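# Notes for the structure review
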Amino acid sequence: MAEYMPSTRDWVREQVELYESTNGAEGTTLRDTGLPVVIVTNTGNNTGAIRKTPLMRVKDGSNYVLVGSQGGRPRHPVWVFNLRANSSVQVRDEADVYEMRVREVEDDPERARLWALAVEAYPPYEEYQQRTTRKIPVFLAEPV
Ligand code: F42
């Protein structure tokens, strides 16, 4: 059984701990924005470790849109490489945990549709994309 290796960022690790230990009753929003967050459990592509990554909740029917924004920094968050290497994830949305498969969305019309949903759910994504020449990766998580 792979071991869980928490994020190196304290507030991220703490949010995951609060979210999971309360079975999604607490820790489910981005700080005081009130905007909902999901937890994506993914597999480290180097270590094989269990990684847990809070992301903004962007729904597309029963699918979730996962946005590798990391505040518009110049480099991808490393969970992007995890998803590219292993498409099996779990998405926790409050008390519900779904087994899902992710695929990176490159096709422009589909990506544009999903990007619009993402920006609607979390407007700062647009600013983040303006802030960097990096094309922010978009994944779609679909129920298995
Ligand atoms: N990040 C986003 O990109 N988008 C969001 O919508 C988002 C929302 C959000 C809401 C709440 C919250 O608390 C955090 C939120 N974040 C969001 C931040 C997100 O949870 C991540 O912390 C952030 O995106 C950075 O992801 P990261 O995977 O780069 O994390 C780093 C800090 C990290 O944990 N690094 C580990 C370390 O030890 O340095 C390694 C993690 C890892 O997966 N290692 C891989 C392995 O094999 O284990 C190797 C990865 C590689 O290829 O190098």
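Structure report, in brief. Counting from 1, residues in each chain are numbered in the order their sequence is written. Two thresholds apply to this predicted model, a pLDDT of at least 70 for residue-level local features and 80 or more for giving and counting side-chain atom pairs, whereas whole-chain, interface and lining totals are computed over all residues. Only hydrogens and water are removed before side-chain values are computed, so all heavy atoms of the structure are retained for them.

### Observations regarding the sheet that holds strand β1 (residues 37–43)
Read across the sheet, 7 strands follow the order β2-β1-β5-β6-β7-β4-β3 without closing on themselves; strand pairing throughout is antiparallel. Only two strands of the sheet have a single neighbouring strand rather than two, namely β2 (50–56) and β3 (59–60). Note: two strands are recorded as paired if DSSP finds a minimum of 2 bridges between them. Numbered from the N terminus, helices here are DSSP runs of H or I no shorter than four residues, and strands are runs of E no shorter than two. In the sheet, β3 pairs with strand β4 (residues 63–67) via 2 bridges, with the strands oriented antiparallel. Counted as the bridge partner of Lys59 is Tyr64 from β4. Residue contacts are defined here by distance: any two heavy atoms, one from each residue, within 4.5 Å place the two residues in contact. Lines are fitted to the C-alpha atoms to define the axes, a helix being fitted only along its stretch in contact, and any angle between axes, read from their N-to-C directions, falls within 0 to 180 degrees. Contacts from helix α1 (residues 10–21) reach β1, β2 and β5 (88–93), with the element oriented near 105 degrees to β1. Strand contacts of helix α3 (residues 108–121): β3, β4, β6 (96–104) and β7 (138–143), with the helix running at about 90 degrees to β7, the strand carrying the most contacts.

### A closer look at the pattern of salt bridges
Where charged atoms of side chains with opposite charge meet at close range, the side chains can pair. In what follows, salt bridge is the name for a side-chain nitrogen of Lys or Arg lying within 4 Å of a carboxyl oxygen of Asp or Glu. Taken as a whole and judged by the stated rule, the model has 9 salt bridges. Taken together, the shared-partner salt bridges in this structure form one network comprising Asp10, Arg13 and Glu17.

### As for the side chain of Arg92
Its location among the elements puts Arg92 in strand β5. Each residue is assigned to one of three classes by its accessible area relative to the maximum for its type, calculated with a 1.4 Å probe on protein chains only: buried under 20%, partly exposed between the two thresholds, exposed over 50%. Note on charges: Lys and Arg go in the positive column, Asp and Glu in the negative column, and His and the chain ends are not counted at all. Although Arg92 lies buried, it forms no salt bridge, and the closest oppositely charged side chain, Glu20, sits 4.5 Å away as judged by the N-O distance. With sequence-adjacent residues up to four places away left out, Arg92 is seen in contact with Tyr19, Glu20, Asn23, Gly24, Val38, Ile39 and Val97.

### Focus on the packing of α3 against helix α4 (residues 124–131)
Running from amino to carboxyl end, α3 crosses α4 at an angle of 120 degrees, the nearest separation of the two axes being 7 Å. When the axes of α3 and α4 are compared, the pair comes out oblique. Residues Arg111, Trp115, Ala118 and Val119 of α3 form the contact with α4, whose own contacting residues are Tyr125, Glu126 and Gln129. All residues other than Ala, Val, Leu, Ile, Met, Phe, Trp, Tyr, Cys, Pro, Asp, Glu, Lys and Arg, Gly among them, are scored as polar; the first ten of these are nonpolar and the last four charged. Residues belonging to the contact of α3 with α4 are distributed by class as follows: 4 nonpolar, 1 polar and 2 charged. Should an angle fall under 35 degrees it is taken as roughly parallel, and over 145 as roughly antiparallel, whereas 65 to 115 is taken as roughly perpendicular and any remaining angle as oblique.

### Quick look at the nonpolar core
Within soluble globular proteins, side chains that are nonpolar tend to cluster in buried spots. Counting residues in hydrophobic clusters, the biggest one holds 20 residues, and the most contacted among them are Val65, Val67, Trp115 and Tyr125. Within the residue set of this core, elements represented by two or more residues are α1, β1, β4, α3, α4 and β7. Take this core: its biggest share by element is 4 residues, from α3. Once residues lying within four places of it in the same chain are set aside, the contact partners of Trp115 are Val67, Tyr125, Glu126, Gln129, Ile136 and Val138. Listed in part, the 14 residues of the second largest apolar core include Tyr64, Val102, Phe139 and Ala141. For the purposes of this section, nonpolar cores are sets of buried Ala, Val, Leu, Ile, Met, Phe, Trp, Tyr and Cys residues that join through side-chain atoms within 4.5 Å.

### Some details on the site of the ligand
Proximity is defined per residue: any heavy atom of the residue falling within 4 Å of a molecule or strand makes that residue near it. Taken together, 27 residues surround the ligand, and among them Gln15, Asn46, Thr47, Pro54 and Tyr125 come closest. In the analysis that follows, any N or O atom pair within 3.5 Å is treated as a polar contact, provided that within protein one partner can donate a hydrogen and the other can accept it, and provided that, for residues neighboring in sequence, both atoms belong to side chains. In this structure, an oxygen atom belonging to the ligand sits 2.8 Å away from a side-chain N or O atom of Asn82. Accessible surface area values rest on a Shrake-Rupley calculation with a 1.4 Å probe, where residue burial reflects the displayed protein chains alone. Expressed as a share of its isolated accessible area of 1,000 Å², the protein-covered part of the ligand is 81%. A cavity here means a set of 1 Å grid points, computed over protein atoms only, where a 1.4 Å probe fits but cannot escape. A pocket is an open set with protein on both sides within 12 Å along at least 5 of 7 lines, and lining residues have an atom within 4 Å of a point. Cavity and pocket membership follows a simple rule, namely that a molecule belongs there if more than half of its atoms are within 2 Å of the grid points. Cavity membership is defined here by more than half of the atoms lying within 2 Å of grid points; on that basis the ligand lies in the largest pocket. When contributions to the shell around the ligand are tallied by element, the ones reaching two or more residues are α1, β2 and α2 (79–85).

Keep in mind that these numbers describe shape and distance, not what the molecule does.
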